[in-house]
Amino acid sequence: MPGSAFSRTPEPPESSPKAQPKPYTIGEFCIDEYRPVKAIVVGAGFSGITAGIRFQQKIPNLTLAIYEKSGGVGGTWYNNRYPGLTCDIPAHCYQLTFEEKRDWSGFYAPGPEIRGYLEGIVDKYKLMRYIHLQHEVTHAQYDEPTGKWHVRIRRPNPETGVLEEFEDTADVLVTAIGSLSRWKWPDIEGLQSFKGELHHSAGFDPDDKTWQEVAERWKDKRVGVIGVGSSALQLVPALQPRVQKLVNYVRGKTWLAVPFASNAFVDLLGREPHSAEDFRFTPEELERLRNDPEFYRNFRLSLENEINSVHSSTLRGSPMQLAARQAFRENMEKKLAKKPWILEKLLPDFPVACRRLTPGPGYLEALCEDNVDFVSSPIKRITENGIETEDGEHRELDVLFCATGYETSFQLPFPIIGRGGLALNDKWTPHPVSYLSVAVDGFPNMFMSLGPNSGVGSGSLLALMEYQVGYAVQATAKLQRERLKSIEVKPEAVRDFDRYLEAYFPKSVYSEKCRSWYKAGKEEGRVVGLWPGSTLHALKALSYPRWEDYTYEPADPVENRLYWLGDGQTHAEKTLTGDRAWYLREPYLDVPPGPSVW
């Protein structure tokens, strides 16, 4: 039949056998039979100490090593010993959330007291079993096949003292070296030709004495201080009454804040307003802070509320910014009334907080003393016996302090090598990039505390640090619980955070023209030192990790993402040991407060 060929039913093709799934066998382990995990922490300052506490608290079956290059714990508070060293944040706001100290000697705690506080925490939590002093990390490299970090450490031989290197490995690497840990000399002609005593503030070593004891030999000396940053603002008032002559060389300008939370300080203690800048506690006040828990807690919480209430002052043109500018100018005018010409040289035209803000207690008053000279003419060169400035003046000096800051480029002092041989310092050229300041793509199983964009312009730095450490602990718990070889942030997540940074800072005072470590020591450019928002904003962002912003590799050669479920039971059931009603106890038991609270 015509066309019949086109209506013919085709023969069915031979059926090809479907690919059969590989047989799957469940794991022969309990869901909470956690595999061993090792973490290496670099640094034993606030971050490293907090990591030592939280890792051992939260991660079972853990091996932990904390490597610290210095001879003691405390980070910047161990290494800095310069005259007048004090925390310029209220002491009760500069302590760990879970480790309160009730006997701070003053509103602003001296350095040795903070160092003692940290040493006490190390002793309380028995952290020296994890901390290795005089162990300097010199190299870290991620090994892709094994998912391990290989870390080289330099130390003095325990018997001979000769430096030697060894290698350690870990599943997780935590950098806790801080952003202000490497000081640098100023680039001034003739610096090393100076034949008097020469010190960098961060490198001052009192040789097992107090700085006050060392200063005894300077009572008939002429002392110079170069700088007007936080260290210089403490050095000048500390040295002024102890030396014959003090000369402060100041290149830039800076705002001196009304002391942080000073009004709350006076109100909470029931003091008269005229005592607002007497920052030592009286014996009666100390007694009450030590022995009245309710008073202490209200004091601490009120101060925290206060320092977390000024974020809007960091926004361009805000009413709080304008009010701060007016108040700080009036305060500086009042304190410099004896030498009003200094105000003209010191008062900035950039907004308050563009540079790091500090109250500098006693600094302006010290400048007005008869034995202090304030020199704003730029330094031309340093000679064997003094400093020559560009106005032609030469002043002879016996002692010279350079309070000229730190390396703030975030170029790390040792190589960290990630996937494909990528060096972190190369990735961070021309500027550092990260995801929420805690992770970097290409560097699996590595987390940071107080790395790039971790500082705060207002609020509690230590609270942010604790949450960064907590983030690293949560990631490690996930790595262990779900039997992962690696956890690595996605490049697109890093790019998105970068876009957020670039969009946020132009509306803040930090992007105004002023030389600041926030911008890696430059007058203009990218803000690399600060979190893009308030401290409370950072805590919210870090509280609940977005695990979808990460990629993962399994530790086991099994093609099933739920292999970590194991054999269907918990260790307590399998062995009939331990607590098998844990869900009825804290912290798992969650009792609603009741409708009246809602």
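Placed above this text is the structure.
Model, not experiment: these values are computed from the prediction. (Residues numbered from 1 in each chain as written. Predicted model: local features only at pLDDT ≥ 70, side-chain atom pairs only at ≥ 80, totals over all residues. Heavy atoms only, no water.)

*Asks:* Is there a simple way to think about the packing of helix α1 (residues 46-58) against helix α3 (residues 111-124) in this case?
*Replies:* To describe two helices that pack against each other, one gives the angle between their axes and the distance between the axes. Two numbers describe how α1 lies on α3: the axes approach to 10 Å, and their chain directions differ by 20 degrees. In terms of orientation, α1 lies roughly parallel with respect to α3. In this structure, the crossing between α1 and α3 has a hand that is left-handed. In this structure, α1 contributes F46, I49 and I53 to the contact, and α3 contributes I114, Y117, L118, I121 and V122. Class assignment of the residues belonging to the contact of α1 with α3 gives a composition of 8 nonpolar, no polar and no charged. (Axes fitted to C-alpha atoms, helices over the stretch in contact; angles between N-to-C directions. Helix = DSSP H or I, 4+ residues; strand = E, 2+ residues; numbered from the N terminus. Parallel < 35°, antiparallel > 145°, perpendicular 65-115°, else oblique. Left-handed = near helix turned anticlockwise from the far one by under 90°. Contact = heavy atoms within 4.5 Å. Nonpolar A, V, L, I, M, F, W, Y, C, P; charged D, E, K, R; others polar.)

*Asks:* I'm lost on the nonpolar core in this one. Help?
*Replies:* Of all hydrophobic cores here, the largest spans 137 residues; its most connected members are F46, L346 and Y363. Per-element accounting of this core gives the leading share, 10 residues, to helix α13 (residues 461-481). Core analysis: the second largest hydrophobic core is formed by 19 residues, A264, L268, L269 and L286 among them. (Core = buried A, V, L, I, M, F, W, Y, C linked by side-chain atoms within 4.5 Å. Buried < 20%, exposed > 50% of the residue type's maximum accessible area, 1.4 Å probe, protein only.)

*Asks:* Help me understand the packing of aromatic side chains in this model?
*Replies:* Enumeration over the complete set of coordinates arrives at 32 aromatic pairs. Ring centres of Y471 and W547 lie 6.3 Å apart, and the angle between their planes is 45 degrees; this geometry places the pair in the tilted category. Here W547 lies in the loop between α15 (535-543) and β19 (550-554) and Y471 lies in helix α13, a separation of 76 residues in the sequence. Note on F505 and Y510: the rings are 6.3 Å apart at their centroids and 70 degrees apart in plane angle, and the pair reads as edge-to-face. Here F505 matches Y510 in class, with each residue buried. Through a chain of ring-to-ring contacts, three or more aromatic side chains come together here, namely F107, Y108, F265, F279, F281, F295 and F299. (Phe/Tyr/Trp six-rings, centres within 6.5 Å; stacked < 30°, edge-to-face > 60°.)

*Asks:* Quick question: what am I supposed to make of the side chain of E304 here?
*Replies:* Here E304 shows up in helix α8 (residues 293-307). Here E304 occupies a buried position and makes no salt bridge, while the nearest side chain of opposite charge, R300, is found at 4.7 Å. In contact with E304, other than residues within four places in its own chain, are H92, C93 and S460. (Lys, Arg positive; Asp, Glu negative; His and termini not counted. Salt bridge = Lys/Arg side-chain N within 4 Å of Asp/Glu carboxyl O.)

*Asks:* How should I be thinking about unusual backbone geometry in this particular structure?
*Replies:* Backbone phi values are negative for most residues with the exception of glycine, while trans is the configuration of most peptide bonds. The amide bond that connects T429 to the next residue, P430, takes the cis arrangement and shows omega of 10 degrees. With respect to the secondary-structure elements, P430 resides in the loop between α12 (424-427) and β17 (446-448). The phi dihedral of N61 falls on the positive side, at around 55 degrees, and the residue is not glycine. On the basis of relative accessible area, N61 is assigned to the partly exposed category, the value being 43%.

*Asks:* For this particular structure, what's the right way to read helix α6 (residues 262-269)?
*Replies:* The element α6 is largely enclosed, with a buried count of 6 among its 8 residues. Of all the residues in α6, the buried ones are S262, A264, F265, V266, L268 and L269. Positioned one or two residues after α6, G270 has a phi angle of 70 degrees, which is positive.

*Asks:* So what exactly am I meant to see when it comes to the sheet that holds strand β2 (residues 62-67) here?
*Replies:* Strand pairing within a sheet occurs via backbone hydrogen bonds; the two strands may be parallel or antiparallel. Strand order in the open sheet made by the 5 strands is β3-β2-β1-β7-β17, with parallel pairing throughout. Sheet topology places β3 (131-132) and β17 at the edges, where each strand pairs with a single neighbour. Inspection of the sheet shows β2 paired to β3 by 2 bridges, in the parallel sense. Pairing of I66 across the sheet is with I131, part of β3. Contacting β1 (37-42), β7 (172-175) and β17, α13 crosses the sheet at an angle of about 165 degrees to β17. (Pairing = 2+ DSSP bridges.)

*Asks:* What exactly am I supposed to notice about a nonpolar patch on the surface here?
*Replies:* Taken together, the side chains of W582, Y583, L584, Y588, L589 and V591 define a hydrophobic patch exposed on the protein surface, amounting to about 670 Å² of accessible area. One can find V591 in the segment after α16 (571-575). (Patch = residues over 30% accessible without salt bridge, like charges linked within 9 Å, V, L, I, M, F, W, Y side chains within 5 Å. Areas by Shrake-Rupley, 256 points an atom, 1.4 Å probe, with all protein chains shown as cover.)

*Asks:* Just checking my understanding: could you explain the state of the cysteines for this structure?
*Replies:* Counted according to the given criterion, the structure contains 1 disulfide. C354 shares a disulfide with C514; S-S distance 2.0 Å. On the sign convention where negative means left-handed, the S-S torsion of about -100 degrees between C354 and C514 marks this disulfide as left-handed. Separated by 160 residues along the polypeptide, C354 in the loop between α10 (341-346) and α11 (363-367) and C514 in the loop between α14 (491-504) and α15 bring together distant segments of the chain. Residues C354 and C514 agree in their burial class; the two are buried. You can see C93 has no disulfide; the closest cysteine sulfur is in C87, sitting 9.4 Å from it. (Disulfide = S-S within 2.5 Å.)

*Asks:* Please clarify how the pattern of salt bridges should be interpreted in this entry.
*Replies:* Side-chain pairs of opposite charge can arise whenever the charged atoms involved come near each other. Counting across every chain of the model gives 36 salt bridges. Between D171 and K148 there is a salt bridge; the shortest N-O distance is 2.6 Å. Of this pair, D171 sits in the loop between β6 (163-170) and β7 while K148 is found in strand β5 (residues 148-156), placing the two residues 23 residues apart along the sequence. The exposure class of D171 is buried, given its relative accessible area of 7%. Given the relative accessible area of 30%, K148 is considered partly exposed. Among the salt bridges present, the one from E197 reaches R217, with a minimum N-O distance of 2.9 Å. With E197 in strand β8 (residues 197-200) and R217 in the loop between α4 (211-215) and β9 (222-226), the pair connects residues that are 20 residues apart, well separated along the chain. Owing to a relative accessible area of 23%, E197 belongs among the partly exposed residues under this scheme. Take R217: its relative accessible area is 46%, and that puts it in the partly exposed class. Several salt bridges share partner residues, and in doing so they unite E136, R152, R154 and E165 into one network.

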